[in-house]
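Close look at the chain arrangement
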Amino acid sequence: MLSARKISTMSSEVLNLSRKLLCTFGTSPASIAFRRSTGITNGIKKFTFPPNHEIYSDFNRIMVCSIKPFSTKSDATTSDAGEASSLIDDEFQPLDVIRSRSFRRTQRKRREKREVPPPRYLKMSTDQDWPSVWPTAKTFHPASVPLPLHQGYVEPGNRSPPNKFANLELMKIPNFLHLTPPAIKRHCEAIKKFCTPWPEELKDEYVLESLFPIEVISNDYCHSSPSIRDPKGRIVTLRVKLSHLNLDEHAKDKFLRLVGERYDQNTDELTLVTDCCPLKKQNYDYAMYLLTAVYHESWNKESWEDDKSELDAAKYEWDGSRSQKVLEQLLEPTALESNKNLIEQYKNTVTSIHDEGENTKLLSEYGNTVRQLLNLPTPEASSATSS
Amino acid sequence: MFRNFHFRAVKTFARPLNSKKSLKSENKLFCSSASVTSNSQESSGFFKASETNPVHLNEKHLGRFYSIDNDIYQKLYVQYHGFPLEYREQCKVFREQCVLVRKPYLDLKRCVDAMDLKKPVVRFVLHGADGSGKSMILGSMAHYGYTKEFILIHIPWIPLWTRYCKEIVPSTTREGFHDHTINAVQFLTNFKTQNAELLQKLNLVTSKEYQWSKREVTEQGSNLLAIVEHGISRPVHATECMYTLFKELKAQSSEEKCKTMVLADGVNGLFYDCKWIKGADRKMVPPSNLTAYEAMKDLFKTDWKGGVVIVTVDRIALDLEFRESTLPRYLLKKEGWELFDPFVPIEVTNYTAQEIQTTIDYYLERKWLQHPAASTEEGRLELEYLSTRNPRTLMELCNSR
Amino acid sequence: MNSSAKALQLVTRSRVSAAVCGSTVRIPRNFFSSSTESTSTAGGTTSSDPSSQNVPQFSFENNAAAEATGAIKLTKEDLDSKRGTISKAMHAYLKRAKEHQEFMDTQEKEFVFGRRHLANMMGKDIESFTQKDVDEAIRYLFPSGLYEPKARPIMRPPQEVYPKQKAAQFDMSGRPHHPFFYTAKPNFYYLLHEMVSKINSLNKLAAGVSRSESVEDDSFSGSTWISKEDLETRLLEKITDQMYSEWLACFERIVAHPKKDKELEFIKAYRKPLAVQSKTSELLPITLEPDGRKSVHVPMCMKKSVRADVLVTVPGTGEFKINGQGLDFFKLISNREAVIAPLQLAKMLGKVDIEANCQGGSKTPEKPKSPGCPDNGETARAIAVRWGIANGLAALGADVEKLRLAGYLVKDYRQRERKKPGKESARRTWTWKKR
């Protein structure tokens, strides 16, 4: 291809030459003809000598005519030499009154195309140290990553998924090239010197729980970007078993009422989740404060707590309840005396029905007790005489 | 839930894969009642006991059907919901009244037999899953009570008083109370049908004079039936008559002049708000402001002797929000529990494997199950599983369209 | 050249006919030797081309063909003396084939190096770094949240990534290798030609045999003809529906032939097994309980958003335990029917114990459609449990075919369709009013 430099040098050459010619040789037709016949070689395009008065205007035309339009097709057959020879052969150049497109195209200064070197990954060795190549989170850079990736959905047919160069989808993915397993290992090794081993004494769960009853849980979040900030990182969860807290009956009842749903009966655990403050430390402080406050409050007994009615009671109290009164009415005094055991049993069943919740088993126990109290046969007895 | 049934298609077997519709959309075969044997006294097959006197029923008859005499049935049950509606319809078709003898029934019978009538009344509470047979057992206890010459106070379905009541009027005699008119009249009519003979026989008389209004008086010493008849003729006073009647019966039973059996179905309906009863000022009337409630509540107390109280708690008696559990403590609420405690709870479960097969045998014998595969083992298994051995579901499955 | 001639040579898909009469181009003297190299490489690649395996082979030698047709054979002397002319289009083809081959080679090299790099990156041993490890590593390094698996980043051997192409289909003189080249779909028509000749040979064999002796053969019961897409990928040619049906009709004729046993191999090459057949061995494992019973655990029973797992134990008493309750967990009779249906079909109702846990579903007991509503999204749970029971029974030895025919073994993948704007629900448009 003919570079712009070449054209410009050529035109300057033309200019110089023509200037020289004009200065030295003059403009007589004879001299013109003489020069023409000798033929000036050395890569100079052919030009004509127009009449004197039009010399300036024709300089432009010289430039124009001297540069034959190239074809943009990179034909192997076309070459500069061939072009030059064909031009040399022509007698007259056609005068382009109408400035053709080709002229414009060639006149435009072609931007110099910078030579792009081949991608870097071709020179990488297969046993290189990858974490040094990709130390931090970085957008995907196809020339630095030696993997022949393809991404893109294509209809099953003739096309293949696009390769990694200029693949936006690959760039969109937050990649983890900076966190390959060897890299993570190195991180861990680097952090290890700040860590101490887990103490032997605390290997036992029971000991651990008794020495450290409060469990504080918080999360840290890392992204593929360098930032470690995440709003979820401020949440702090505090877990403690109520058996580790010193609460008497009243205190425990009040504690449970204050705490509500945060208490899990099955595991006897209180879970406090705090996220109202923006910082983790603040949330942690608040959680500890909350626990202390609830604990101490539950030991306080307010005057209005005595107004608690039967309905609010957490547990069912049989003694002094209506149930007891009715029973006393029902049974004769002698019966009351002799059936102390039964009454005890009755009391237990009624209490458990109220406390634990009803189920058929408890109910049948209750039924049996009542039957015994009222001297009625039990259901087993009725079916005992089956044939 | 208002038990509102109509006959449905005979049960089909092995439905096609993609049909998601229930069985009800299939065949329309009807059982021809002409082919049904009308002689209920025959003991055809193992599943039918020949015993008709409930007093003599015992474990030998467990899992078998016993039939109730037609005239007794007419007297006790037909008019007024003695048995559930579906069962009564079935009896019409089958032309006989057969009841399955089940364990809770025998248990109850035994307890009632063993009871000391000189002691305060014992309350029995039947509870169980929906459609497991509580009302049936209650109904068959009525038969037993009748045979044993108890005076029956049979209140068939209490939500009829608290939810589906036909007419409520403010009470004339009590301040702030409301009376049921039609319901009370119906009850009294039935009471009369059930107990007129016995009352005559025992010659129970009023202990004092009752003045219903300025001009209407029931003198002391008149037969209790007079109260009943007054109530029937004067709907305005009907609930009051009920109340008085109950009081009298309680007093008379305590004096050992008679035995009373109180049967009430769906008693837990009394302790919940009656959303549908609105007073004159369009405000909801709480149950405690109903005379009928007062009357019934007194019956369940233990301050009388010489009787027995058999009651069912059913979660269907309540609104949809209160149907978490089928157990008495939940259903009776605090108030009800305190009223009934201590009581004898009797659980009525779904059928056992033997009982359900017996019922299927009975249906087959009555030619109710027309499908050829119904009598095969696979058919029976299918019926058993689809109904999960629940008596009502089985009945629904076998009903015709 | 000979080796390449022996193998089947497939033509590039550029327009041959149009450019055959293109302008002649001067070529340098040494073009022939280089072109032979290029064609040999082109031929060499095609011989290793897996696509050529299933297409019927034929042995044609270029020279023989040239002689047969009486065309001028270009001898070496000819080449040296005259300047051989080669059509521009042909030249372009060869160039393109060469380029493609070079491209594939570079891709291959890149992939090999890329694997090594990846193994090095992940700190794994290259020797034991399989394609599965490669996929896993790519998933680790480039976690894509895209739902479509084909849209996610992949690193595969170039043969799997780049679609197969036909290499140069004619030699430097412009003579096509394939005899059927000018039909524009040589492989397809050659295949038809083969099939017809087979029919003719079978007819000859069956000359004495009467038609009625043809017996119904069940050897093809478990398989079906390859689809149009499969045929296209095999022949590397686009096939219309009409062509496909013609081909199928021809094959059916072979299959219907009394003497088809001679060509069973050929027929089987074009049949693929039914999806169902290939999964018969995928029954669930049976575990032995401590009390001596056998049980099958079916995890992940799905229907809509319900997730259930079912445990079928044999021998049993017909006990049901669904979320702790019995069969009355399902309030609707139709749902109960659905659940016991596979048991009825396998005649195991009452002989197995079923234990199921199901959670999920759009309407849960915690937030029901309405209080006391009987259904509450039960049907989805019932179907999920039914699938689990059916699979459990199949694994325990029930008649799998019966269950399959009844459709109990197929997972119902249907989900609720989304509501679209401009419509009242997924499909229903609002009532059109004239004014």
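Presented here is an overview of the structure given in this document. Remember, it's a predicted structure, so these values are computed and weren't measured experimentally.

Some thoughts on the nonpolar core
Counting 109 residues, the largest nonpolar core has Phe124(B), Val267(B), Phe300(B), Ile310(B) and Phe340(B) as its most contacted members. Setting aside residues up to four positions removed in sequence, Phe340(B) forms contacts with Arg123(B), Val125(B), Val267(B), Phe271(B), Phe300(B), Val311(B) and Leu332(B). Within the second largest apolar cluster, 61 residues are counted, among which are Phe47(B), Trp368(B), Leu386(B) and Ala380(C).

Re the interface of chain A and chain B
With 30 residues of chain A in contact, the opposing surface of chain B contributes 29 residues. Note on chain A versus chain B: buried area summed over both sides is about 2500 Å², and carbon and sulfur give 64% of it. Across the contact surface, chain A and chain B share one salt bridge. Notably, a salt bridge pairs Asp107(B) with Arg371(A), separated by 3.0 Å at the nearest N-O pair. Where chain A meets chain B, there are three residue pairs in polar contact (both at pLDDT 80 or more). Those elements giving two or more residues to the side of chain A that touches chain B turn out to be helix H12 (322–330), helix H14 (340–356), helix H15 (360–373) and helix H16 (379–384) of chain A. Top contributing element to the side of chain A that touches chain B by residue count: H15(A), with six residues. Here the side of chain A that touches chain B is composed, by residue class, of 14 nonpolar, eleven polar and five charged.

A look at the sheet that holds strand E4 (residues 151–155) of chain B
In sheet architecture, strand pairing relies on hydrogen bonds along the backbone and comes in two forms, parallel and antiparallel. The strand order across the open sheet formed by five strands is E4-E9-E10-E3-E11 (chain B), and the pairing between neighbours is parallel. Every interior strand has two partners, whereas the edge strands, E4 and strand E11 (344–348) of chain B, have only one. Looking at each pair of strands side by side, their axes are set apart by 15 degrees on average, direction ignored. Bridge count between E4(B) and strand E9 (residues 260–264) of chain B: five bridges; the pairing is parallel. Across the sheet, residue Leu152(B) finds its bridge partner in E9(B), namely Met261(B). Together, strand E3 (122–128) and E11 of chain B form the strand contacts of H15(A), whose direction differs from that of E11(B) by roughly 135 degrees.

Section: the pattern of salt bridges
Applying the stated rule across the entire model yields 48 salt bridges over all chains. In this structure, Asp319(B) engages Arg163(B) in a salt bridge whose closest nitrogen and oxygen atoms are separated by 3.1 Å. Here Asp319(B) is found in the loop between strand E10 (307–312) and helix H10 (328–340), whereas its partner Arg163(B) is found in the loop between helix H5 (159–162) and strand E5 (168–170), with 156 residues between them in sequence. A single burial state applies to Asp319(B) and to Arg163(B), both of which are buried. Where salt bridges share partners, they join Glu215(A), Arg239(A) and Glu269(A) into one cluster.

The rules behind each value
- Residues numbered from 1 in each chain as written.
- Chains lettered and ligands numbered in written order.
- Predicted model: local features only at pLDDT ≥ 70, side-chain atom pairs only at ≥ 80, totals over all residues.
- Heavy atoms only, no water.
- Core = buried A, V, L, I, M, F, W, Y, C linked by side-chain atoms within 4.5 Å.
- Buried < 20%, exposed > 50% of the residue type's maximum accessible area, 1.4 Å probe, protein only.
- Contact = heavy atoms within 4.5 Å.
- Buried area = accessible area lost by both parts, 1.4 Å probe.
- Salt bridge = Lys/Arg side-chain N within 4 Å of Asp/Glu carboxyl O.
- Polar contact = N/O pair within 3.5 Å; in protein donor to acceptor, adjacent residues only side chain to side chain.
- Helix = DSSP H or I, 4+ residues; strand = E, 2+ residues; numbered from the N terminus.
- Nonpolar A, V, L, I, M, F, W, Y, C, P; charged D, E, K, R; others polar.
- Pairing = 2+ DSSP bridges.
- Axes fitted to C-alpha atoms, helices over the stretch in contact; angles between N-to-C directions.

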